[in-house]
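Given next are the chains, with one letter for each unit.
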Amino acid sequence: MTKKLILCDCLGSQTIDATTISDATGLSCSKTYTFLCGDELEHAAKEMTGGDVMIACQQERHRFEDLADDIECDAPDFVDLRDRAGWGTAPAAPKMAALVAEATLPVPATKAIDVVSEGTCLIIGGAAALQAAADLCDMLAVTVLLDPSCDLPLDRRFDCVTGQLRRTSGALGNFEVTIDQFQDLRPGGRGTFTLGPAKDGAVSGCDVILDLTGNQALFSAHEKREGYLRADPSYPPAIAAAVLAASQMVGTFEQPLYVRLEPSICAHSRAEQAACSNCLNVCPTGAITSAGEHVTVDPTICAGCGACSAVCPSGAISYDAPPVETVFQRVNTLASTYRKAGGKAPRLLVHDDNHGQELIALNARFGAGLPADVIPFAVDALAGFGHAEILGALACGFADVTILLNPKSDRDVISEQVRLATAITGDGKVNLIDPQDPDALTAALNNAELTAPCPDPIMPIGSRRQITRLAAKTLRPDDSQLPLPENAPYGAIVVDGDACTLCLSCVSLCPSGALGDNSDKPQLRFQEDACLQCGLCANICPEKAITLKPQLDLTDAAFNQQVLHEEEPFACIECGSLFGSKSTIEKITEKLVGNHAMFATLDAAKLIQMCENCRIQAQFHSEDNPFQGGKRPRTRTSDDYFSDRKDH
């Protein structure tokens, strides 16, 4: 059954072209109501009982969901056309159609794990911590790590210890703390309580940490650490909010699995040699750690910022809430539907679900609203919208991409991704804006330099690397090679032929298979499309003969193996078969002959210049063969035994 779109012009404050929306999306549309959430609520009930519907209103979502419960029918879907399109600077039928089409796309369910908190709470601080413990002790199992300068409390409803925190790790339901100079309270005797003997390295666990010290936070990006609450001990409202939040942290919670990890294609390291550490460098919470040749992600610490997905060169880490392919599908649906509805040059405004969405809503209600050609695109992880997503949006028909920052954005990661995308697309296609109020948002969008969209849009399908290359070829059809900024995940390598000895250590450790050899002759071969610019080859090269060259080769040559360095093979002095490279054999001979005890004689030195088979034969037949045993004894016969008996 076809979904039906229920329209409302919100007391006549917006213009809706139902015919254009229906033709572009394939949905049937209701008549345009005027006050669906008020005087016409009974019409909404009738529409909902009639089948699968989508209501074009987000503001009154709860009202319509309550109505669905009252009339015992399925809750409708929702799409916001008013704030994002209807209250704009001009009629925006193509944009409304695009937003409706995007809203009909299926959203994969986010994977999650259960996190259990039993309510054990560690409160750190002084007098404020004691008061917070008194407030929480009836709801949580509270222990106070008290500042040594404070008097010991007589309240025995909670435990109290003193000491210095050396280390903290974990997240909600699984914190671990290490305390030096640990002393527990001894409640016996008359007068004030005393403390037990001091102990270093005391380890304990808890489910929630309430930090009221006023000192530096215990974790980086502490606001993203589930279960860690922090407040200024001199500001009672902040303490009250933290205490209330702590009281709710008991039970079983769902922790989303924000990212997906494929260890087999991770280029973190090989043979204990360092390579790519991009994700480790940008993770704000420390959820990503090294696990040998690949990284590992602690899902209980990961806050879902998406930065690791944007900077991963191989795709070993990818955002999964929702999956990356869902983002490309949404972007393509917006662009293609906008064109189908008669629009010409759409612009994409990427924003987060909180700050950006609120700014757009305020701009619509009290300001000029978004321009008719600007299509808002909400994402959960702003830093996860990297260069591949930007290029994919431009290649599928958007004239430009503008990213609306929020005060808590991972700006370094976003700026770096914009810089890389700009190097591929050219200036004017990608913009970063940071407006402080709705009017500033309007000014930033109206003052942007308008550019033409791609004349031949593509459908962004494939991995992020594949989409980047395809988009670059679509956007820059006349260019064959694009120089890229340092640390870009695309490029070539440059080999110093005078220094390279073709030891091929780089080939054996290359995590992506970009480097290869030739079994028939001494050659170092390279396929640029597969190169991740992880730097492992440069790190492992004993001669330091390899340097990285960030670039994007748009020709088919990038998919073929190119010979970077080759040498004349050496012929075995016994059988003439080719093995090794001539320069390598000559260098080894020069260094060892006469300088090493094993190659002191001329015959021993010739072993270096023999192939594998001839070397074994020569060693076997040599008189001083170190592997040769002594002369074998004569085989004993019956006569030997009889002779032994006669002698006795």
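Refer to the preceding data block for the structure.
Residues numbered from 1 in each chain as written. Predicted model: local features only at pLDDT ≥ 70, side-chain atom pairs only at ≥ 80, totals over all residues. Heavy atoms only, no water.

A. Layout of the nonpolar core. One finds Leu348, Val350, Phe377, Phe385, Ile390, Phe398 and Val401 to be the most contacted residues of the largest nonpolar core, which totals 47 residues. Residue contacts for Val401: discarding those within four places in its chain leaves Leu348, Val350, Phe385, Ile390, Ala393, Leu394, Lys429, Val430 and Asn431. Listed in part, the 29 residues of the second largest apolar core include Val115, Val144, Leu172 and Ala242. (Core = buried A, V, L, I, M, F, W, Y, C linked by side-chain atoms within 4.5 Å. Buried < 20%, exposed > 50% of the residue type's maximum accessible area, 1.4 Å probe, protein only. Contact = heavy atoms within 4.5 Å.)

B. Focus on the packing of aromatic side chains. The full count for this structure, using the stated rule, is three aromatic pairs. Judged by centre distance (5.9 Å) and plane angle (40°), the ring pair of Phe175 and Phe219 falls under tilted. Here the residue Phe175 occupies a position in strand 9 (residues 175–186), and Phe219 occupies one in the loop between strand 12 (208–212) and strand 13 (228–230), the gap between them amounting to 44 residues. When sorted by exposure, Phe175 lands in the same class as Phe219, which is buried. Ring-pair connections join several aromatic residues into one group, and the members of that group are Phe175, Phe219 and Tyr228. Sitting over the ring of Phe559, Arg469 keeps its end group 5.4 Å from the ring centre. (Phe/Tyr/Trp six-rings, centres within 6.5 Å; stacked < 30°, edge-to-face > 60°. Helix = DSSP H or I, 4+ residues; strand = E, 2+ residues; numbered from the N terminus. Lys NZ or Arg CZ within 6 Å of the ring centre and 35° of its normal.)

C. Just the pattern of salt bridges, in detail. Going through the model one piece at a time under the given rule, you end up with 19 salt bridges. The salt bridge partner of Arg167 is Glu176, with a shortest N-O separation of 2.9 Å. By relative accessible area, which is 40% here, Arg167 ends up partly exposed. Through salt bridges with shared partners, a single network forms among Lys3, Asp52 and Asp77. (Salt bridge = Lys/Arg side-chain N within 4 Å of Asp/Glu carboxyl O.)

D. Region of the structure containing the layout of surface pockets. Empty space within the largest pocket amounts to approximately 1,100 Å³. Elements supplying a minimum of two residues to the lining of the largest pocket: helix 3 (61–70), strand 4 (77–78), helix 4 (82–86), helix 5 (93–103), helix 10 (324–340), helix 11 (355–366) and strand 22 (374–379). Its residues assigned to classes, the lining of the largest pocket shows 20 nonpolar, eight polar and twelve charged. Counted as a void, the second largest pocket has a volume near 680 Å³. Looking at the lining of the second largest pocket, the element that brings in the most residues is strand 14 (residues 251–256), giving three residues. Residue composition of the lining of the second largest pocket, by class: eleven nonpolar, six polar and ten charged. (1 Å grid on protein atoms, 1.4 Å probe; cavity = no way out; pocket = protein on both sides within 12 Å on 5 of 7 lines; lining within 4 Å. Points joined across faces, edges and corners; volume = space filled by probe spheres on them. Nonpolar A, V, L, I, M, F, W, Y, C, P; charged D, E, K, R; others polar.)

Interpretation note: all reported values are geometric properties and have no functional meaning in isolation.
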